[in-house]
Amino acid sequence: MAPSPEPPQELPPAPEPAAPEEPVVEFQLPPAAPPPELDAPPPKPELVPEPPAPDSTLEDIGWLQVITRGAGNAMSLPGVSVLVSTGTGADLQVKYVSVTNSRGETGKVPLPAPPASISLNKDETQQAYSTYDVSVYLSGYYPQVSKDVPVFAGITSRQIFSMTPLPAYPDNPPEPTVFQNNEPRF
């Protein structure tokens, strides 16, 4: 007869490694402020007189945000130089210069615009918005210009550019692509 096999021996559990002791830091909190008086009336806000109603000679602020995209609008283009201006030639006034962020966007640029109240008066002959030219430039892409971009008081206008890459070996220096905006119709 063959000897019977011995039952397997169970190993004792391995001891848990000791956790390193963390230093104890004690903080003393400043005494709590006394609770506010419940019966005291709340402070009254100061009343500031309203400024006079704007007339057609005053300017308000509107905002313009420039967004640049490439690959048929599939990707954002960071690092695009942006120039916002008015006028031409000797009358050219640069209003804003920036570079787009990693999302291909500028921040909201505050720009002067006629007061919104102009659009509420049917007899008003002054246009209710300002116009600006926006130019964008990025190495390896055609420069682009959007003329007469409307900016209204109290509203953010968004100008989106879909940038076109330059050919690998252009025969001539690139000419900017110019887009003419139409007058808004109400």
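The numbers attached to residues start from 1 for each chain and follow its sequence in the written order. Whole-chain, interface and lining totals are the exception, using all residues; otherwise, since this is a predicted model, local features are given only for residues with pLDDT of at least 70 and side-chain atom pairs are given and counted only at 80 or more. Side-chain metrics in this entry use all non-hydrogen atoms of the structure; hydrogen atoms and water are not considered.

Asks: I would appreciate a short explanation of the overall build of the protein in the present structure.
Replies: A count of helical and extended segments in the protein gives zero helices and nine strands. Helix and strand assignments come from DSSP, with helices taken as H or I runs of at least 4 residues and strands as E runs of at least 2, each series counted from the N terminus. Helices (α) and strands (β) of the protein occur, in sequence order from the N terminus, as β-β-β-β-β-β-β-β-β. Of all 186 residues assigned to the protein, the portion counted as buried reaches 26%. Contacts are residue-level and defined by heavy atoms, with any inter-residue pair within 4.5 Å sufficient. Of the contacts formed within the protein by residues at least 6 apart in sequence, a portion of 62% connects residues at least 24 apart. To be clear on the numbers: accessible area is Shrake-Rupley with a 1.4 Å probe, and residue cover counts the displayed protein chains and nothing else. With the model as given, the accessible surface of the protein reaches about 14700 Å², and the carbon-plus-sulfur share is 57%. Using a 1.4 Å probe on the protein chains alone, a residue whose accessible area is under 20% of its type maximum counts as buried, one over 50% counts as exposed, and one in between counts as partly exposed.

Asks: It is not clear to me how the packing of aromatic side chains should be interpreted in this structure. Could you clarify?
Replies: The geometry of an aromatic ring pair is captured by the separation of the ring centres together with the interplanar angle, meaning the angle of the planes. The criterion for an aromatic pair is that two Phe, Tyr or Trp rings (for Trp, the six-membered ring) have centres within 6.5 Å, with stacked assigned to planes under 30 degrees apart, edge-to-face to planes over 60 apart and tilted to the rest. The full count for this structure, using the stated rule, is one aromatic pair. Taking the centre distance of 5.2 Å and the plane angle of 45° together, the rings of Tyr 129 and Phe 152 count as tilted. Taken together, the residues Tyr 129 in the loop between strand 5 (109–113) and strand 6 (130–137) and Phe 152 in the loop between strand 7 (144–151) and strand 8 (156–162) connect sequence positions 23 residues apart. Across the pair, Phe 152 and Tyr 129 agree in class, each one buried.

Asks: Help me understand the nonpolar core in this model?
Replies: Proteins that are soluble and globular tend to have nonpolar side chains buried together. With 17 residues, the main nonpolar core has Leu 64, Val 84, Leu 111, Val 134, Val 136 and Met 163 as its most contacted residues. Of all the elements in the fold, those that place two or more residues in this core are strand 1 (60–70), strand 3 (81–86), strand 5, strand 6 and strand 7. If we ignore the near neighbours within four places in the chain, the residues touching Val 84 are Leu 64, Gln 93, Val 94, Lys 95, Tyr 96, Leu 111, Tyr 132, Asp 133 and Val 134. To form a nonpolar core, buried Ala, Val, Leu, Ile, Met, Phe, Trp, Tyr and Cys residues must be joined to one another through side-chain atoms within 4.5 Å.

Asks: It is not clear to me how the sheet that holds strand 6 should be interpreted in this structure. Could you clarify?
Replies: Adjacent strands of a sheet pair through backbone hydrogen bonds, lying either parallel or antiparallel. Reading across from one edge, 4-3-6-7-9 is the order of the five strands in this open sheet, with mixed pairing throughout. Each edge of the sheet is formed by a strand with only one pairing partner; in this case those strands are strand 4 (93–99) and strand 9 (177–180). Sheet twist, expressed as the mean angle between neighbouring strand axes with direction ignored, is 20°. For two strands to be treated as a pair, DSSP must find at least two bridges joining them. A fitted line through C-alpha atoms represents every axis, and for helices the fit uses only the stretch in contact; the resulting angles, taken between N-to-C directions, go from 0 to 180 degrees.

Asks: Explain the pairing of strand 3 here, please?
Replies: Bridge analysis of strand 3 against strand 4 gives six bridges, and the strand direction is antiparallel. Looking at strand 4, one finds that Leu 83 is bridged to Val 97. The hairpin turn running from strand 3 into strand 4, its antiparallel successor, is six residues long, and Gly 87 in that turn takes a positive phi close to 75°. Here strand 3 pairs with strand 6 via five bridges, running antiparallel. Directly across from Val 82, in strand 6, lies its bridge partner Val 136.

Asks: What exactly am I supposed to notice about the side chain of Ser 85 here?
Replies: Along the chain, Ser 85 falls in strand 3. When residues no more than four places from it in sequence are discounted, the contact partners of Ser 85 are Leu 92, Gln 93, Val 94, Lys 95, Tyr 132 and Asp 133.

Asks: Help me out: how do you make sense of the pattern of salt bridges in this one?
Replies: A side chain with one charge may pair with a side chain of the opposite charge, provided their charged atoms come close. By salt bridge we mean one thing: a side-chain nitrogen of Lys or Arg within 4 Å of a carboxyl oxygen of Asp or Glu. What the rule picks out here adds up to three salt bridges. Among the charged side chains, a network of salt bridges with common partners joins Arg 69, Arg 103 and Glu 105.

Asks: Looking at this structure, how should I read the environment of Pro 176?
Replies: By the element assignment, Pro 176 lies in the loop between strand 8 and strand 9. As a C-alpha pair, Pro 176 and Val 136 span 40 residues in sequence and 9.2 Å in three-dimensional space. Among all residues touching Pro 176, those that are not within four sequence positions of it are Pro 143 and Val 145.

Asks: Just to check I follow, could you spell out unusual backbone geometry for this structure?
Replies: In most cases, non-glycine residues show a negative phi, while peptide bonds are predominantly trans. Although it is not a glycine, Asp 148 adopts a positive phi angle of roughly 55°. By the element assignment, Asp 148 lies in strand 7. Accessibility expressed as a relative area gives 31% for Asp 148, which makes it partly exposed.

Asks: Explain the confidence of the model for the protein here, please?
Replies: Low pLDDT means the predicted atomic positions in that stretch should not be read closely. On average, the protein scores 76 in pLDDT, and the residues at 70 or more come to 65%. The predictor's confidence in any single residue is recorded as pLDDT, a number from 0 to 100. Of all helices and strands in the protein, the one with the weakest mean pLDDT is strand 9 (77), whereas strand 6 scores best (93). Considering only residues more than four positions removed or in separate chains, one finds that residues 43–58, a stretch of pLDDT under 50, has seven contacts.

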